[in-house]
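Here's the letter readout for the chains.
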Amino acid sequence: MELVANVWPVVDESTGLVQRFFMRAYAMESDDNVISTVLQALAPTDFRIARVFKVPERFKITSEHGTMSGAVPIGAFQQNIQAIIEGAYRELECDYAKVQGIDMSSGTPKPVNVVPRFPEDPYTIITSLIETFDGQLLPQMTGSQHDT
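Residues numbered from 1 in each chain as written. Predicted model: local features only at pLDDT ≥ 70, side-chain atom pairs only at ≥ 80, totals over all residues. Heavy atoms only, no water.

Visitor: Outline the side chain of T132, listing residues and values.
Guide: Looking at the element boundaries, T132 is found in the loop between β10 (129-131) and β11 (137-139). Of the residues examined, T132 reaches a relative accessible area of 14% and is grouped as buried. Of the polar contacts made by the side chain of T132, one reaches the side chain of D134; its length is 2.4 Å. When neighbours within four sequence positions are excluded, T132 is seen to be in contact with E13 and L138. (Helix = DSSP H or I, 4+ residues; strand = E, 2+ residues; numbered from the N terminus. Buried < 20%, exposed > 50% of the residue type's maximum accessible area, 1.4 Å probe, protein only. Polar contact = N/O pair within 3.5 Å; in protein donor to acceptor, adjacent residues only side chain to side chain. Contact = heavy atoms within 4.5 Å.)

As structure tokens, then:
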């Protein structure tokens, strides 16, 4: 079993900047075709129950108005995705049932759990969300696969 993920960068409609992203992990044992199909099927709606993360402050954009930390254009988000979401991978690895079963074989109850981890190159689908002026989040269903 390994963790795979959907990632949704939130793109401001007027500026094209990303300051936050949603991310959700799934524990799956399957081939890439099945994983891709499942993640793409969940992408249009599952962001609503995903965790939200900020773009790390070390990412900056500079314009004639000054420097803004924790913001990148969507192209830079896609180019630097590994560095931007690496902290989110670690946080999501901690979201698992701490006791998944009770082993009674020794006569003493012992918790049983499998700690899920993202592999070195996790299977990830990226689907941009356009945030409109009135706060609507519109999935752009050109979700791209990213084997990091």
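Read on, since the account is not over.
Visitor: Any chance you could break down the environment of I85 for me, citing the residues and the numbers?
Guide: Structurally, I85 is set in helix α3 (residues 81-93). Take I85: its relative accessible area is 0%, and that puts it in the buried class. The spacing of I85 and V114 is 29 residues in sequence and 23 Å in space, taken between C-alpha atoms. Ignoring sequence-local partners within four residues, the contact set of I85 consists of V7, F21, M23 and F77.

Visitor: So what about the layout of surface pockets? Which residues, and what values?
Guide: Put simply, the largest pocket is a space of about 170 Å³. Taken together, 14 residues make up the lining of the largest pocket; nearest its centre are R24, A25, Y26, L92 and D95. Among the elements that line the lining of the largest pocket, the one with the most residues is strand β2 (residues 17-28), at five residues. (1 Å grid on protein atoms, 1.4 Å probe; cavity = no way out; pocket = protein on both sides within 12 Å on 5 of 7 lines; lining within 4 Å. Points joined across faces, edges and corners; volume = space filled by probe spheres on them.)

Visitor: So what about the nonpolar core? Which residues, and what values?
Guide: Counting residues in each nonpolar core, the largest one holds 20 residues, and the members touching the most others are F21, M23, F77, I84 and I85. Contributing elements (two or more residues each) for this core: β1 (2-12), β2 and α3. Tallying contributions element by element places α3 first for this core, with six residues. In this structure, A43, A50, Y123 and L137 belong to the second largest nonpolar core, which totals 15 residues. (Core = buried A, V, L, I, M, F, W, Y, C linked by side-chain atoms within 4.5 Å.)

Visitor: Explain α3 to me, using residue names and the numbers behind them.
Guide: Counted at 1.5 Å a residue, the expected span for α3 with its 13 residues is 18 Å, and the 18 Å between its end C-alpha atoms agrees. By the largest-angle criterion, G87 marks the main kink of α3, which is about 30 degrees. Every buried residue belonging to α3 is among I81, I84, I85, A88, Y89, L92 and E93, and all of these are buried. (Expected span 1.5 Å × (residues − 1). Bend = angle between axes of the 7 residues up to and from the residue.)

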